[in-house]
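# Notes for the structure review
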Amino acid sequence: MVSEIGFGMRSLLLQLPALIGVLIGALATYIATATQERGRWRRQQAARWDERRITAYSDYAHAVKKVISVSVRLAAKRGVYEDDFWFGGDINERDLLTAEDERTTRWEAVLMLGDDAVVAAARQWHQVTFRLIRLALGQPSDLTWNEAVRATGQARGRFYTAARRDLGVKFDESSAPYEWQMSKWLIERPEDRNNAVGADPVA
């Protein structure tokens, strides 16, 4: 009996390295699989949030541009600046209020999803846009029409630069390419616009 027990122990000891090898292999496989799944989950989450940020940023930009567009048309209607590119049509303060309400709604998504730089740039953009609104409504502002238009264009450029950086999109460090090109058109005198070659007033 003792010899049988001793034989069994020797047999177990001989098999022990193989058993340990199997356990280590199984553990390594589990760790590798878990790491891959965790990495895949993180990539999927990052992609999902990137998509949501893209939507939030683009929706907000569209809403601000709508406010600007209505402000410019209302200002032209009221003779705030000399205009020779008036589209006509009925435009009033209610249209401006509606556009601003939409911007406020879109702003919430930027606050929740945007990084600090994007939020700061977006806030600066709509703050200078408020100057256009005040001028379009015939209210006093700390900026002239030309100054407000120029500041709005520059703020737009900074917003797009910050948004592209947050999304990991390659971009030129200068924000000039993303500035509001119509700002140049609005600031120029009508006679200067007529002499401009290939001018695009709506970019």
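Our subject in this report is the structure included herewith.

Calculation notes
- Residues numbered from 1 in each chain as written.
- Predicted model: local features only at pLDDT ≥ 70, side-chain atom pairs only at ≥ 80, totals over all residues.
- Heavy atoms only, no water.
- Core = buried A, V, L, I, M, F, W, Y, C linked by side-chain atoms within 4.5 Å.
- Buried < 20%, exposed > 50% of the residue type's maximum accessible area, 1.4 Å probe, protein only.
- Helix = DSSP H or I, 4+ residues; strand = E, 2+ residues; numbered from the N terminus.
- Contact = heavy atoms within 4.5 Å.
- Salt bridge = Lys/Arg side-chain N within 4 Å of Asp/Glu carboxyl O.

## Structural notes on the nonpolar core
- Membership of the largest hydrophobic core comes to 36 residues, with the highest contact counts inside it found for Y57, Y60, V110, W125, W145 and F159.
- Of all the secondary-structure elements, those providing two or more residues to this core are α1 (2-77), α2 (93-113), α3 (116-136) and α4 (145-166).
- The element best represented in this core is α1, accounting for 12 residues.
- Beyond its immediate chain neighbours, meaning those up to four positions away, V110 contacts A56, Y57, Y60, V118, V119 and A122.

## Looking at the pattern of salt bridges
- Taken as a whole and judged by the stated rule, the model has seven salt bridges.
- R53 serves as the salt-bridge partner of D166, at 3.4 Å between the closest nitrogen and oxygen. Here R53 lies in helix α1 and D166 lies in helix α4, a separation of 113 residues in the sequence.
- Note on R53: relative accessible area 17%, which makes it buried.
- Linking D142 and R131 is a salt bridge whose minimum nitrogen-to-oxygen distance equals 3.0 Å. Placement of D142 in the loop between α3 and α4 and of R131 in helix α3 is noted, with a sequence separation of 11 residues between them.
- Here the residues in one salt-bridge network are D50, R53 and D166, joined through shared partners.

Don't take any of this as a statement about function, it's just geometry.
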